[in-house]
Amino acid sequence: MEMQPDTQYQLGMMGLGTMGRNLLLNMADHGFAVAGFDKNMQQVQLLEKEGEGKPVKGFGELAEMVGSLQKPRAVMLLVPAGPAVDAAITELLPLLDHGDLIIDGGNSKFTDTDRRAAELAQKGLHFFGMGISGGEEGARRGPSMMPGGDPEAYRTVQPIFERIAAQVGGEPCVAHIGTGASGHFVKMVHNGIEYAIMQLLAESYDLMKNGLQLPNDAIHAVFKKWNGGRLQSFLLEITADIFAYKKPGADHLLLNDIKDEAKSKGTGKWTSQFAMDLQLPITAIDTAVSMRDLSKYKALRTQLADLFPKEKTKLTDDTEAYLEQLEAAFFFSMAVTYAQGMHLLRRASEEYGYGLNLANIAKIWRGGCIIRSAFLETIFTAFQNNEKLEHLLLDEGVREMVGDSLASARSVTTGAMSAGISVPVFAATLTYFDALRSDRMPTNLIQAQRDFFGAHTYELIGQDGVFHTDWSGKKSG
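About the criteria used
- Residues numbered from 1 in each chain as written.
- Predicted model: local features only at pLDDT ≥ 70, side-chain atom pairs only at ≥ 80, totals over all residues.
- Heavy atoms only, no water.
- Helix = DSSP H or I, 4+ residues; strand = E, 2+ residues; numbered from the N terminus.
- Buried < 20%, exposed > 50% of the residue type's maximum accessible area, 1.4 Å probe, protein only.
- Contact = heavy atoms within 4.5 Å.
- Areas by Shrake-Rupley, 256 points an atom, 1.4 Å probe, with all protein chains shown as cover.
- Lys, Arg positive; Asp, Glu negative; His and termini not counted.
- Charge placed at Lys NZ, Arg CZ, Asp CG, Glu CD.
- Expected span 1.5 Å × (residues − 1).
- Bend = angle between axes of the 7 residues up to and from the residue.
- Polar contact = N/O pair within 3.5 Å; in protein donor to acceptor, adjacent residues only side chain to side chain.
- Pairing = 2+ DSSP bridges.
- Axes fitted to C-alpha atoms, helices over the stretch in contact; angles between N-to-C directions.
- Parallel < 35°, antiparallel > 145°, perpendicular 65-115°, else oblique.
- Left-handed = near helix turned anticlockwise from the far one by under 90°.
- Nonpolar A, V, L, I, M, F, W, Y, C, P; charged D, E, K, R; others polar.
- Salt bridge = Lys/Arg side-chain N within 4 Å of Asp/Glu carboxyl O.
- Disulfide = S-S within 2.5 Å.
- Core = buried A, V, L, I, M, F, W, Y, C linked by side-chain atoms within 4.5 Å.
- 1 Å grid on protein atoms, 1.4 Å probe; cavity = no way out; pocket = protein on both sides within 12 Å on 5 of 7 lines; lining within 4 Å.
- Points joined across faces, edges and corners; volume = space filled by probe spheres on them.
- Phe/Tyr/Trp six-rings, centres within 6.5 Å; stacked < 30°, edge-to-face > 60°.
- Lys NZ or Arg CZ within 6 Å of the ring centre and 35° of its normal.

Engineer: Even after reading the chapter, I still don't get the overall build of the protein, so can you show me in this structure?
Structural biologist: In terms of helices and strands, the protein carries 19 helices and nine strands. Its C-alpha atoms give the protein principal-axis dimensions of roughly 90 × 70 × 45 Å. Out of the 477 residues belonging to the protein, those deemed buried represent 49%. For the protein, long-range pairs separated by at least 24 residues make up 69% of all intrachain contacts whose partners lie at least 6 apart in sequence. For the protein, the accessible surface area stands at approximately 23000 Å², while carbon and sulfur atoms represent 51% of it. For the protein, the centre of its 46 positive side-chain charges and the centre of its 58 negative side-chain charges are spaced 3 Å apart.

Take a look at the structure:
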């Protein structure tokens, strides 16, 4: 229906880039009257054009858009993370009244979200951060959304978000995540998991291309087959599609023309940084972030490739058997990656008082988001059966599946290393697993070393207290 000028809109969007515009159109498709603002009139006009006949209106003046909103007003920001969010809030403040709501739907650092919520609360305004995943298509057809903060404020927009979210089994892929900046923290960890799984897919590609010497069409067939089984996921689906895409008139894959230097926007790095602050190991994510960084040193890599040339070594002549092992190894590493991410969420919930429900998080990740996968059903069931489950690998079902895949993970990883093929995330998940299941690690030596050179003390088995030894006076022969 065409909106009249005096109609009051239920939500306003500040920022009409691809995500903001598509979310508004999604809302309008579901019958919600919504408004959008952008300083770029081309974006405003594009919204009006794409939303023709729908209950959506674009504005080139912020005050006009805010004035068109129902009270209490709800304004959503979809602008780049960082200073742009603070600038947008500063513009909004004079136009809002006590009790109005601002939603940050970008990939903001969660510590910034905490700061902004505290500052706005002093001014009588509600504020919460909401992670949104699904990209352009998700925003338009149904994303996964992770709102966190004041539950009363969320209830203002809950009917809208539940209607526009992706639906799995008749249930929306959105839920109030927890207190404070939990929405942005959970989205940050989601993105960290995304980094690791993307790197695993890249390593699998490398093993098939350089280890098995398979042509691209055969690699496409493998990824497509995997996506029809227990590895089914959005990332695997698009990877298979990439291995089938040629530009019109081209005789080769577009993939072959793309530089091997990956970029990032920082959420993976933040995941690693904050996990280290919490002293919670997430080796798969850490390694994936490092490998993206390493890819940028193209000139150095090329120089070293000449100095240390690789011998072309085929991993095996039994391609079919190897691919079965690779599928199992991928499952193992994928499961451990998700387990690390969920462990970080549990630890952060304890440290920051978020009150996270890990079953709910797995539930809303099952649809709409970039890391949606069949395995999330298993994760959802595990935490639904035991909400106090400390680590995903403690779940009986997961433990059995991971155990069945362990031999393949070990074989693929060691074989790749012997052939000189880099598989850092495969290796990181395997060594993490082996360390995690060690009831006695060799870190007693590290404690002794720290005490030797820095008098940092150590603890003894079966004795309370801390101890120090003058090691220099007790050197042996």
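The structure having been displayed, the exposition proceeds.
Engineer: Before we go on, may I ask you to explain helix α17 (residues 396-418) in this structure?
Structural biologist: With 23 residues, α17 extends 33 Å between its outermost C-alpha atoms, agreeing within 8% with the 33 Å of an ideal straight helix rising 1.5 Å per residue. Largest kink in α17: about 40°, centred on serine 405. Buried within α17 are the following residues: Val398, Val402, Ser405, Leu406, Ser408, Ala409, Val412, Thr413 and Ala416. Two or three places before glycine 397, at the opening of α17, aspartate 395 has a side-chain oxygen 3.1 Å from that residue's backbone nitrogen. Glycine 420 lies just past α17 and shows a positive phi near 75°.

Engineer: In this structure, what is going on with the environment of isoleucine 89? I would like to understand it.
Structural biologist: Position of isoleucine 89 among the secondary structure elements: in helix α4 (residues 83-92). With 356 residues separating them in the primary sequence, isoleucine 89 and leucine 445 have C-alpha atoms 52 Å apart. With residues near it in sequence (within four places) discarded, isoleucine 89 still touches Leu77, Ile102, Arg116, Leu120 and Phe127.

Engineer: I keep staring at the sheet that holds strand β1 (residues 11-14) and nothing clicks. Help me out?
Structural biologist: Consider a sheet: its strands pair through backbone hydrogen bonds, and that pairing is either parallel or antiparallel. Taken in spatial order, the seven strands make up an open sheet running β3-β2-β1-β4-β5-β6-β7, and their pairing is mixed. Of all strands in the sheet, those bounded by a partner on one side alone are β3 (56-59) and β7 (144-148). Mean inter-strand twist for the sheet, computed between neighbouring axes without regard to direction, equals 25°. Taken together, the four bridges between strand β2 (residues 34-37) and β3 define a ladder with parallel strand orientation. Bridged to glycine 36 within β3 is glycine 58. Helix-sheet contacts for α4 involve β1, β4 (74-77), β5 (101-104) and β6 (126-133), and the interaxial angle to β4 is about 155°. Contacts between helix α8 (residues 182-211) and the sheet are confined to β5, β6 and β7, with β6 contributing the most and set at about 20° to the helix.

Engineer: Please explain the packing of α8 against helix α14 (residues 319-352) as it appears in this structure.
Structural biologist: Angle between the axes and distance between the axes: these two values describe a pair of packed helices. Relative to each other, α8 and α14 sit at 165°, their axes nearing to 10 Å. It follows from the interaxial angle that α8 and α14 lie roughly antiparallel. In terms of crossing hand, the pair formed by α8 and α14 is right-handed. Split by residue class, the contact of α8 with α14 holds 20 nonpolar, four polar and no charged.

Engineer: So what exactly am I meant to see when it comes to the pattern of salt bridges here?
Structural biologist: Any two side chains of opposite charge can pair if their charged atoms end up close together. Taken as a whole, this structure holds 25 salt bridges when the rule is applied. In this structure, glutamate 171 engages arginine 366 in a salt bridge whose closest nitrogen and oxygen atoms are separated by 3.7 Å. A residue pair is termed long-range when its members are at least 10 positions apart, and glutamate 171 in strand β9 (residues 171-172) and arginine 366 in the loop between α15 (358-364) and α16 (375-385) qualify at 195 residues. A residue is classified by how much of its surface remains accessible, and glutamate 171, at 33% relative accessible area, is partly exposed. We note a salt bridge from arginine 347 to glutamate 351, for which the minimum N-O separation is 3.2 Å. Here arginine 347 and its partner glutamate 351 are both found in helix α14, four residues apart, which amounts to about one turn of the helix. The structure contains a network of salt bridges with shared partners spanning Asp86, Asp104, Asp112, Arg115, Arg116 and Glu119.

Engineer: What's the story with the state of the cysteines in this structure? I'm lost.
Structural biologist: Simply put, the disulfide is a covalent bond whose two ends are the sulfur atoms of two cysteines. Within the structure shown, the criterion is met by zero disulfides. Free of any disulfide, cysteine 369 has its nearest neighbouring cysteine sulfur in cysteine 173, separated by 7.6 Å.

Engineer: Whenever I open this one, the side chain of threonine 239 confuses me. Can you help?
Structural biologist: Take threonine 239: it is sitting in helix α10 (residues 234-242). Relative accessible area serves as the criterion here: at 13%, threonine 239 is assigned to the buried category. Each residue touching threonine 239, except ones within four places of it in the same chain, is listed here: Leu201 and Phe223.

Engineer: Would you mind showing me how to read unusual backbone geometry here?
Structural biologist: One can expect most non-glycine residues to show negative phi and most peptide bonds to be in trans. Omega for the bond connecting lysine 71 with proline 72 falls within 30 degrees of zero, at -5°, which places this linkage in the cis form. With respect to the element layout, proline 72 can be found in the loop between α3 (62-67) and β4. In this structure, glutamine 213 takes a positive phi of about 60° despite not being glycine. By the element assignment, glutamine 213 lies in the loop between α8 and α9 (216-226).

Engineer: Teacher, can you tell me more about the environment of alanine 435 here?
Structural biologist: By the element assignment, alanine 435 lies in helix α18 (residues 424-436). Judged by its relative accessible area of 29%, alanine 435 falls in the partly exposed class. Sequence separation between alanine 435 and glycine 473 is 38 residues, and the spatial gap between their C-alpha atoms is 33 Å.

Engineer: Explanation requested: the nonpolar core in the structure shown.
Structural biologist: As a rule of thumb, nonpolar side chains are buried together in soluble globular proteins. Phe185, Leu345 and Trp365 are the most contacted members of the largest nonpolar core, which has 93 residues in total. Ranked by the residues each element gives to this core, the list is headed by α14, at 16 residues. With sequence-adjacent residues up to four places away left out, leucine 345 is seen in contact with Phe185, Val186, Val189, Leu356, Leu358, Ile361 and Trp365. Within the second largest apolar cluster, 31 residues are counted, among which are Leu11, Met130, Ile132 and Tyr154.

Engineer: Looking at this structure, I do not really get the layout of surface pockets. What am I missing?
Structural biologist: Leftover empty space is mapped by rolling, across the atoms, a probe with the size of a water molecule. Quantified by volume, the second largest pocket comes out at close to 260 Å³. Every residue along the wall of the second largest pocket is listed here: Arg440, Met441, Thr443, Asn444, Gln447, Ala448, Tyr458, Glu459, Leu460 and Ile461. A per-class count over the lining of the second largest pocket returns five nonpolar, three polar and two charged.

Engineer: For this particular structure, what's the right way to read the packing of aromatic side chains?
Structural biologist: Each aromatic ring pair is described using two quantities: the centre-to-centre distance and the angle formed by the ring planes. Inspection of the entire model under this criterion finds 18 aromatic pairs. Measuring from ring centre to ring centre gives 6.2 Å for phenylalanine 128 and tyrosine 154, while their planes differ by 75°; the resulting arrangement is edge-to-face. Here phenylalanine 128 is found in strand β6, whereas its partner tyrosine 154 is found in helix α7 (residues 151-164), with 26 residues between them in sequence. Just as phenylalanine 128 is buried, tyrosine 154 falls in that class too. Note on phenylalanine 185 and tyrosine 352: the rings are 6.0 Å apart at their centroids and 65° apart in plane angle, and the pair reads as edge-to-face. You can see phenylalanine 185 sitting in helix α8 and its partner tyrosine 352 sitting in helix α14, a full 167 residues away along the chain. Residue classification places phenylalanine 185 among the buried residues on the basis of a relative accessible area of 0%. Taken together through their ring pairs, the aromatic side chains of Phe110, Phe185, Phe274, Tyr352 and Tyr354 make up a single cluster. The ring centre of phenylalanine 380 lies 5.0 Å from the NZ or CZ of arginine 366, which sits over that ring.

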